[in-house]
Structure formats: C-alpha cells, structure tokens
Amino acid sequence: MAHPETLGVHAGREAFSELGVHAPPLDLSTTYPVRDLGDGTASFDALVGGAATAANPIYARLHNPTVARFENALAQLEGTTDAVAFGSGMAAMSACLLAAGQRGQHVLAVRPLYGTTDHLLNSGLLGIRTRWVRPEEVAAAIDVDTALVIIETPANPTLDLIDIAAVVKAADAVPVLVDSTFATPVLQQPVALGATLVLHSATKFLGGHGDVIAGVVACNADWAVALRQVRAATGGLLHPLGAYMLHRGLPTLSLRVLKAQQNAQILAERLAAHAMVAKVSYPGLGTVTQAHLVGTQMRGPGSLMAFEMRGGHAAAARVMAAVKLATPAVSLGSVDTLIQHPAGLTHRVVDAATQAQHGITPGLLRLSVGIEHVEDVWDDLRQALDAARLSAAA
Ligand SMILES: *Cc1c(COP(=O)(O)O)cnc(C)c1O
C-alpha cells in the first residue's frame, strides 16, 4: 500500500486520464436519463440493494459519481475495500446503528465519546440499546444480542487513548467501530488492527477548512452494502459539492495533520508550564490513558489537547473571550486554531455525572491546533492566559 501522502494526492483520481480531465468532475445531477428501461430497472434494483455502482446512477439519492470518487479515495487511505459517505458525522453514526440493528439488540460503547454520539446512544432514539462498558469489560459484556462495539480513540474531549487491537480481541466475532476522527488515516488505520468500521466526522480534519459538514465510514463490502441500503432509504446524503471539496482537500491532509501536530507538541509543553494551567491532557506529553500507544497504534500524538484552567469556569470563559488569532468555536481539525469549552458546548448533552466521571470539568478547554506559525499561536494563547490571570487577580 502506498503511503498516506501519496494516496492523498492520487487516490480516487485513477480514471482521470481516461476521462480526459485533471480535476474531479463535479456532477450535480439529481436525476439521470433512462433510455433503456431494462438497463434502468436493473440499475435501480442494484443500487437500492446497496451496490457501489450501476450502469445508470438513476437518482442522486442512490448514487453520485463525485461522491463515489471521494469514497474510493478515503477507502484507499484507510486500507478498506469500501467507504460510504453521509451528510454529517452523526448521519454516518446513525446509519451504522441502523445497520447494526439488523444484527442484534444492543451495542457496547466505551466512554468518553463525542457529546452527540453519547447522547444518541444513551437516548435510544434509534431503537437500539446501549450498554456502557470500560475497555476491559468488553469481553464479559458480549452476548448473542451484541451487534457492535463502539470506541473513539483519541477520545473527545479528554484525548484518552484506547488499545484498538485489545478491544477487537475482546469483542471476538462482534464487529468493532472506531471513531477515528481525531487521528485521521494519516496517524492511525484501525482496520489494520482488526476494526471493522472506521468512522470520521469529515467535517473535521478531512475537510480541514471549516466549510464542509460530512461523515464517512470505511469498511468491508458487506457492511458497505448495508450502509448504502440505509443511506438510500433514509437519505442522509453527502452533497456532491461537499464531496468535491473533501476530495480537493485530501492532497494536503498529511501536510496539514503533520504540521498541526508539530505545533501542538510545542504548545502543549508551553501550556503545561504556564501558571494558569493546572493540567494539559495530550498524548504527546504522556498525560492521557494508554499514552504508550503513540508510536505504535498512532503514528503521532495529533493536534488536539485539553487543558484545565486554574480558576475553573470563570478563567476558561475569560480565555475564550480573550483569544484574538484563535477562534473561540466548536469543531476541530481546521487549518486555523480553535478553542472551545466542552462542558458548556460540545458535551452539554452529556449528563453531569458522566461529565464529572470523565474529567469534563468547568475549567476544561479543548484546543485544536492549526497550521499557523507556532509562535503566533503561542503569543495569542499567552496573552489570553495572562488576561485570565489579571482579571482573576483584580
Ligand atoms: C464532530 C464529531 C462527530 C460528529 O460529526 P458531525 O460531522 O458534526 O455530525 C463525531 N465524532 C467526533 C469524534 C467528532 O469530533
């Protein structure tokens, strides 16, 4: 398999010379002419049944060639045969749960998870029940009705790591879904460690520029059929313009991820030494659970970190108000630095007891480091931390 740097540039573009183009054609058709009804009927049946392609795309809810090219590229980056794209990360997660519901009554899930994933699983909105377990409890919790095991590593927002291979072993025949949004295929390939489904909120690093909301699941052919059936029936589609923009971003994915990671390591060390910061959780500092997985499971520590402000909620709020270069906003994985307050924003939908249990405290801020010059980001963070210190003293 070629390296992520090469795949990012070339994957999904194989047919271009045959097509006589150099950039991906953007096909915005909602419907396609059917001249031969026999062929049209066969294509319709194939696509509704979950086929990846057919002679005629028929209707854009069933197939779109621009989306399919992005899916093909992402599958190559994750080392899978297939990938299925959706209108958001949560649409992708919903499709996985709906598909899993055909196989069993409940899922096992390990906390912490992205706030809305936690909420979706805990609410039972989609009918499937969730049993919350710790990684070491997976083997004992599995029974004939277990459809799926769900983990997120690095986890949101604590940056705790989970040993994917160990969970896969414990899950035995039950498929494991890894939300790999924080890692991207540049830093981690869960399928190589035995995972069955790799989910990305493509809104984050894959898009990377804060202008596309999307989700994608990389998986084997069987799961892809089930996911495409769900997508065709429920309509959680990725718009082709979004797919085009995601595909356009893949050539720089490695550059963005590695540069942001380089910045993050420096900033994590400086934050940890700042008087206003009580603790920095960052895999590159060894301050998260299973940090030893950096260098093995993960090629590097990534560019997200969480830090605990001395002075709690008030101090965290002051930093959010004082940053000038960084954007005080949810989301992550963008070219620009973003900072947000998990307890007040992304993890608000998680109940207070679960928040407390997983270190989502009133003083916690999550930083998604961008690709700016590191000294400019540090100058900004330092002035914001100093502003919080001065107003605390006043
Ligand atoms: C953002 C995010 C999601 C949800 O994705 P959307 O594109 O916002 O629907 C899921 N998991 C993780 C880890 C995320 O960061």
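Note that this is a predicted model, so its numbers are computed, not measured.

**Observations regarding the packing of aromatic side chains**
- One pass over the structure, following the stated rule, counts zero aromatic pairs.
- Seen from the ring of W223, R103 lies directly overhead, with NZ or CZ sitting 4.1 Å from the centre.
- Against the face of F86 rests R231, its NZ or CZ located 5.9 Å from the ring centre.

**With respect to the site of the ligand**
- Of all residues adjacent to the ligand, which total 15 residues, the nearest are G89, D179, S201, T203 and K204.
- Between an oxygen atom of the ligand and a main-chain N or O atom of M90, the distance comes to 2.8 Å.
- One of the side-chain nitrogen or oxygen atoms of T203 is found 2.7 Å away from an oxygen atom of the ligand.
- Expressed as a share of its isolated accessible area of 380 Å², the protein-covered part of the ligand is 94%.
- Residue composition of the shell around the ligand, grouped by class: six nonpolar, six polar and three charged.

**Regarding the domain arrangement of the chain**
- When the domains of the chain are assigned, the result is domain 1 (16–251) and domain 2 (253–393).
- The centre of domain 1, based on its C-alpha atoms, is set 28 Å off from the matching centre of domain 2.
- Overall, the association of domain 1 and domain 2 removes approximately 3,300 Å² of surface from exposure, summing both partners, and the carbon and sulfur fraction of that is 62%.
- The largest share of the area that domain 1 buries against domain 2 comes from L161, L187 and F205, three residues that together contribute 24% of it.
- Counting across the interface, domain 1 meets domain 2 through zero salt bridges.
- Taken together, the links from domain 1 to domain 2 amount to 18 residue pairs in polar contact (both at pLDDT 80 or more).
- Breaking the side of domain 1 that touches domain 2 down by element, the ones donating at least two residues are α6 (115–123), α8 (164–171) and α9 (184–187).
- Ranked by the residues each element gives to the side of domain 1 that touches domain 2, the list is headed by α6, at five residues.

**Comments concerning α8**
- Of all the residues in α8, the buried ones are I164, V167, V168 and A171. The buried residues of α8 occupy an angular sector of 100 degrees when the element is viewed end-on, so they sit on one face.
- Its side-chain oxygen at 3.3 Å from the backbone nitrogen of A165, D163 defines the N-terminal cap of α8.
- Taken from the residues just after α8, D172 is the one with a positive phi, measuring 60 degrees.

**Overview of a nonpolar patch on the surface**
- Taken together, the side chains of L26, L28 and L241 define a hydrophobic patch exposed on the protein surface, amounting to about 250 Å² of accessible area.
- Structurally, the position occupied by L26 is in the loop between α2 (16–19) and α3 (37–48).

**Focus: the nonpolar core**
- F70, L74, L206, L238 and L246 are the most contacted members of the largest nonpolar core, which totals 38 residues.
- Looking at this core, the elements with two or more residues in it are α4 (65–78), β1 (82–86), α9, β7 (215–219), α11 (240–249), α12 (253–272) and β9 (304–309).
- Take this core: its biggest share by element is six residues, from α4.
- Here this core spans two domains, and each of domain 1 (16–251) and domain 2 (253–393) adds at least three residues to it.
- In this view, L238 contacts V67, F70, A85, F86, G87, I213, A214, A243 and L246; residues no more than four positions away in its chain are not counted.

**As for the pattern of salt bridges**
- One pass over the structure, following the stated rule, counts nine salt bridges.
- Put simply, E375 and R270 hold a salt bridge, and the shortest N to O gap is 2.9 Å. Of this pair, E375 sits in helix α15 (residues 374–393) while R270 sits in helix α12, and the two are 105 residues apart along the sequence.
- Residue E375 is classed as partly exposed on the basis of its relative accessible area of 33%.
- The class for R270 is partly exposed, based on a relative accessible area of 26%.
- Residues joined by salt bridges that share partners form a network here, namely R134, E136 and E137.

Cut-off values and rules
- Residues numbered from 1 in each chain as written.
- Predicted model: local features only at pLDDT ≥ 70, side-chain atom pairs only at ≥ 80, totals over all residues.
- Heavy atoms only, no water.
- Phe/Tyr/Trp six-rings, centres within 6.5 Å; stacked < 30°, edge-to-face > 60°.
- Lys NZ or Arg CZ within 6 Å of the ring centre and 35° of its normal.
- Near = heavy atom within 4 Å.
- Polar contact = N/O pair within 3.5 Å; in protein donor to acceptor, adjacent residues only side chain to side chain.
- Areas by Shrake-Rupley, 256 points an atom, 1.4 Å probe, with all protein chains shown as cover.
- Nonpolar A, V, L, I, M, F, W, Y, C, P; charged D, E, K, R; others polar.
- Domains from an automatic or database assignment.
- Buried area = accessible area lost by both parts, 1.4 Å probe.
- Salt bridge = Lys/Arg side-chain N within 4 Å of Asp/Glu carboxyl O.
- Helix = DSSP H or I, 4+ residues; strand = E, 2+ residues; numbered from the N terminus.
- Buried < 20%, exposed > 50% of the residue type's maximum accessible area, 1.4 Å probe, protein only.
- Arc of directions from axis to C-beta.
- Patch = residues over 30% accessible without salt bridge, like charges linked within 9 Å, V, L, I, M, F, W, Y side chains within 5 Å.
- Core = buried A, V, L, I, M, F, W, Y, C linked by side-chain atoms within 4.5 Å.
- Contact = heavy atoms within 4.5 Å.

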